[in-house]
Amino acid sequence: QKYTLNGENITYSANAALMVAHGESTDLKFHHLMAYYKLTITGGEANIKTIYVRQNGDQSNIAGSWNVVFNEQGGIEFTPNDLTSVIKYDCGEDGIQTGKPVLVAVPAHDFENGLILTVKDVNGKFQSYSIPAASAQLAGKAGVIINKSLTFNPQSGTINSAEDWEAFAKAVNSGN
């Protein structure tokens, strides 16, 4: 992924975007495989260090191998094959200052259970955000940049029991 920060505007290089093409001549029609979230994260006391993207539900992994099938009409079908990890964006040693946008690429696929974004700051504090299934329908948004603003208000606490852990896990899985 390659992008340029110009003040508040982010553009990505179409030459560096993940795309596919197939043909029997040099006249190829290229298809984007990714949709992009332009995240503007405000609040918090420290720079943003890491952003994780995963699926909500039983299959949390989102990265791995995907299948691309070209149809006779010139379109494609883009489906997961073997998803082995979540998407992790490392925002550099010093992190990204809150209020500055960052571009996050996500496979252009319809995620039936929605997505979960987890933002972690340089001090290790984190917060998760739920992107509901209706907003995670990305198959028709290949190559599109979707603006998303998030307020970073990490919660802290202590896990002292199995019940605390189960409550924490339930909160995280529901996007809180």
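Residues numbered from 1 in each chain as written. Predicted model: local features only at pLDDT ≥ 70, side-chain atom pairs only at ≥ 80, totals over all residues. Heavy atoms only, no water.

**A closer look at the packing of aromatic side chains**
With the rule as written, the count across this model stands at 1 aromatic pair. Arranged with centres 4.7 Å apart and planes meeting at 20 degrees, the rings of Trp-66 and Phe-78 form a pair that is stacked. Remark: Phe-78 occurs in strand β8 (residues 76-85) and Trp-66 occurs in strand β7 (residues 63-70); sequence separation between them is 12 residues. Both residues of the pair, Trp-66 and Phe-78, count as buried. (Phe/Tyr/Trp six-rings, centres within 6.5 Å; stacked < 30°, edge-to-face > 60°. Helix = DSSP H or I, 4+ residues; strand = E, 2+ residues; numbered from the N terminus. Buried < 20%, exposed > 50% of the residue type's maximum accessible area, 1.4 Å probe, protein only.)

**Section: the nonpolar core**
Counting residues in each nonpolar core, the largest one holds 36 residues, and the members touching the most others are Leu-39, Ile-51, Val-106 and Leu-115. Secondary structure elements with two or more residues in this core: β5 (34-43), β6 (48-55), β8, β9 (87-90), β10 (101-107), β11 (115-121), β12 (126-131) and β13 (145-152). Sort the elements by how many residues they give to this core and β5 lands first, with 6 residues. For Val-106, the contacting residues outside a window of four places in its chain are Leu-33, Met-34, Ala-35, Tyr-37, Val-53, Ile-62, Ile-87, Phe-111, Leu-115 and Leu-138. (Core = buried A, V, L, I, M, F, W, Y, C linked by side-chain atoms within 4.5 Å. Contact = heavy atoms within 4.5 Å.)

**Let's talk about the environment of Ile-51**
For Ile-51, the position within the fold is in strand β6. Exposure remark for Ile-51: the relative accessible area of 1% places this residue in the buried category. When the C-alpha positions of Ile-51 and Ile-87 are compared, they lie 8.1 Å apart, and in sequence the two are 36 residues distant. Here Ile-51 is in contact with Leu-39, Ile-41, Ile-87, Lys-88, Tyr-89, Cys-91, Val-102, Val-104 and Thr-118, once residues within four sequence places are set aside.

**Re the sheet that holds β9**
In a beta sheet, neighbouring strands are held together by backbone hydrogen bonds and run either parallel or antiparallel to one another. Strand order in the open sheet formed by 4 strands is β9-β6-β11-β12, with antiparallel pairing between adjacent strands. Only two strands of the sheet have a single partner each, and these edge strands are β9 and β12. Direction aside, neighbouring strands of the sheet carry axes that sit 15 degrees apart on average. Relative to β9, β6 runs antiparallel, the two sharing 4 bridges. Residue pairing across strands places Val-53 opposite Ile-87, the latter belonging to β9. (Pairing = 2+ DSSP bridges. Axes fitted to C-alpha atoms, helices over the stretch in contact; angles between N-to-C directions.)

Read these as geometric descriptors, not functional statements.
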